[in-house]
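Analysis of the macromolecular model
One-letter residues, chain by chain:
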Amino acid sequence: MIKVGIIGATGYAGGELVRLLLGHKDAEIVWYGSRSYVDQKYASVYQNMFQLVDAKCMDDNMEALADQADVIFTATPQGLCASLVNEEILSRTKVIDLSADFRLKDVKVYEDWYRLKHAAPQFLDEAVYGLCEINRESIKGARLIANPGCYPTCSTLSIYPLVKEGLIDPATIIIDAKSGTSGAGRGAKTDNLYCEVNENIKAYGVASHRHTPEIEEQLSYAAGKPVVLNFTPHLVPMNRGILITAYASLTKKVSYEDVKAIYDRYYENEYFVRVLDKDVCPQTKWVEGSNFVDVNFKIDPRTNRVIMMGAMDNLVKGAAGQAVQNMNLLFGEDEAEGLRIAPMFP
């Protein structure tokens with residue numbers, strides 16, 4: 001059995017980790033870490049775990065946890081994992097960080113966008129960006145995994161094949177993104193109150209959202225040159241889900257069949273990326289509760305642009321599901337173990 005510790009087990013992503021790992025045949029959770037609920041029963045925080053989890057919440061002592069766990073998930077705010085991890089811990093266990101602490105390779109970019117002094121820049125080069133469909137082989141031998149952000153996962157998987165193939169001009173990419181409120185976390189914030197969110201849609205982080213450099217960095221690797229783009233997220237009144245609609249200019253005249261062949265070639269062996277049939281647009285309701293990403297595209301010959309679309313659950317493939325997928329790769333498990341969950345509907 002893989003012994004698992006979770007720091008931040010009572011946040012939305014942490015709670016989703018617990019739900020998924022309870023269904024994993026080879027994983028056992030040995031540490032439910034939560035600084036806010038130390039010594040309280042986990043099931044008293046999440047009643048859906050009544051009679052499923054008997055354990056009490058523990059603190060965020062990563063040093064002690066490293067002696068008990070084969071892998072530690074940190075589902076915590078930016079800065080915490082970097083402040084806790086050290087060489088001694090990484091010599092004893094593996095760490096999968098769901099925050100942004102190790103996603104960006106340039107420490108200055110991290111500090112500029114996140115307004116934090118990085119506490120462990122010495123591990124940035126070593127950390128592997130855990131987008132399994134692109135970095136699978138590098139993930140397998142890693143000690144420290146930077147679990148990708150939700151918007152970057154959906155954006156990158158929707159756009160990556162056409163950037164990699166040089167079919168679009170990356171300087172023209174514009175990403176319009178929409179997310180449910182769980183993406184903002186479980187903390188009490190006025191902007192996330194029911195009356196603030198219900199019957200409303202709004203843009204936020206315009207030209208300043210922290211996921212922008214993460215998307216740019218990953219697409220730069222695909223393009224083989226720096227990519228700078230516009231990314232605008234929106235908050236919509238639903239619990240879960242992300243919808244990406246991205247636009248870019250084509251570099252040459254192509255047919256539907258040409259572009260479809262590219263997507264099929266990149267994703268035909270990727271269980272969790274579903275390339276939809278012609279003219280079927282991705283919808284969040286068809287991926288909710290699952291680790292699937294639905295992608296598709298539409299060519300607009302009038303403007304010589306292509307519209308690339310993606311939908312996924314921000315808490316599963318956008319956080320906990322992807323983290324479990326990374327864990328499976330680290331320990332030689334079937335990559336889909338614990339994640340073969342059909343989307344929920346309605």
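Refer to the structure above for everything that follows.
Every value quoted in this text rests on a predicted model; they were computed, and no experiment measured them.

Moving on: the overall build of the protein chain. Helix and strand counts for the protein chain stand at twelve helices and 13 strands. At 20 Å, the protein chain has a C-alpha radius of gyration in line with the 20 Å of a compact globule built from 346 residues. By principal-axis analysis of the C-alpha atoms, the protein chain measures approximately 60 × 45 × 40 Å. Split into buried and exposed, the 346 residues of the protein chain put 55% on the buried side. Here the analysis covers contacts within the protein chain between residues at least 6 apart in sequence; of these, 70% occur between residues at least 24 apart. Taking the average place of the 36 positive charges on the side chains of the protein chain and the average place of its 45 negative ones, the gap between the two points comes to 4 Å.

Following the criterion strictly, the structure yields twelve aromatic pairs and no others. On the numbers, 4.9 Å between centres and 80° between planes, the contact of Y271 with F272 is edge-to-face. An aromatic cluster of three or more residues is present, and its members are Y256, Y263, Y267 and F297. Over the face of the ring belonging to Y256 we find K278, whose NZ or CZ atom lies 4.8 Å from the ring centre. The aromatic ring of Y271 is capped on one face by R340, whose charged end is 6.0 Å from the ring centroid.

This part covers the environment of L17. Tracing the backbone shows L17 in helix α1 (residues 12–21). With relative accessibility at 0%, the residue L17 sits in the buried group. In sequence terms L17 and T76 are 59 residues apart; their C-alpha atoms lie 12 Å from each other. Not counting residues up to four positions away in its chain, the partners in contact with L17 are I6, F73, A75, L98, A320, A323 and V324.

Under the criterion given, the structure shown has 24 salt bridges. E87 is the partner of R143 in a salt bridge, and the nearest nitrogen-oxygen pair spans 2.8 Å. Taken together, the residues R143 in the loop between α7 (132–140) and β6 (144–146) and E87 in helix α5 (residues 87–92) connect sequence positions 56 residues apart. Sharing partners across several salt bridges, the network here consists of E16, R19, R240 and D313.

A word on the side chain of E214. By the element assignment, E214 lies in helix α10 (residues 212–223). Polar contacts involving the side chain of E214 include one to the side chain of Y129, which spans 2.6 Å. When near neighbours in sequence (up to four residues on either side) are disregarded, E214 contacts R103, L104, Y129, P148, G149 and P152.

What follows concerns the packing of α7 against helix α12 (residues 316–330). Between α7 and α12, the least distance of the axes is 9 Å, while the angle of their chain directions is 40°. Note on packing geometry: the crossing formed by α7 with α12 is right-handed. Contact residues: C132, E133, R136, I139 and K140 in α7; K317, Q322, Q325, N326, L329 and L330 in α12. Grouping the amino acids of the contact of α7 with α12 by side-chain chemistry returns four nonpolar, three polar and four charged.

This next bit is on the pairing of strand β1 (residues 2–7). With five of six residues buried, β1 is to be regarded as a mostly interior element. Pairing geometry for β1 and strand β2 (residues 27–33), over six bridges, is parallel. Bridged to V4 within β2 is I29. After leaving β1, the chain enters α1 and then returns to the sheet as β2, a path that is right-handed. Inspection of the sheet shows β1 paired to strand β3 (residues 71–74) by four bridges, in the parallel sense. Note that in β3 the partner of G5 across the bridge is I72.

Calculation notes
- Residues numbered from 1 in each chain as written.
- Predicted model: local features only at pLDDT ≥ 70, side-chain atom pairs only at ≥ 80, totals over all residues.
- Heavy atoms only, no water.
- Helix = DSSP H or I, 4+ residues; strand = E, 2+ residues; numbered from the N terminus.
- Rg over C-alpha atoms; globule rule 2.2 N^0.38 Å.
- Buried < 20%, exposed > 50% of the residue type's maximum accessible area, 1.4 Å probe, protein only.
- Contact = heavy atoms within 4.5 Å.
- Lys, Arg positive; Asp, Glu negative; His and termini not counted.
- Charge placed at Lys NZ, Arg CZ, Asp CG, Glu CD.
- Phe/Tyr/Trp six-rings, centres within 6.5 Å; stacked < 30°, edge-to-face > 60°.
- Lys NZ or Arg CZ within 6 Å of the ring centre and 35° of its normal.
- Salt bridge = Lys/Arg side-chain N within 4 Å of Asp/Glu carboxyl O.
- Polar contact = N/O pair within 3.5 Å; in protein donor to acceptor, adjacent residues only side chain to side chain.
- Axes fitted to C-alpha atoms, helices over the stretch in contact; angles between N-to-C directions.
- Left-handed = near helix turned anticlockwise from the far one by under 90°.
- Nonpolar A, V, L, I, M, F, W, Y, C, P; charged D, E, K, R; others polar.
- Pairing = 2+ DSSP bridges.
- Right-handed = clockwise from strand over helix to strand, strands pointing away.

By themselves these figures say nothing about function.
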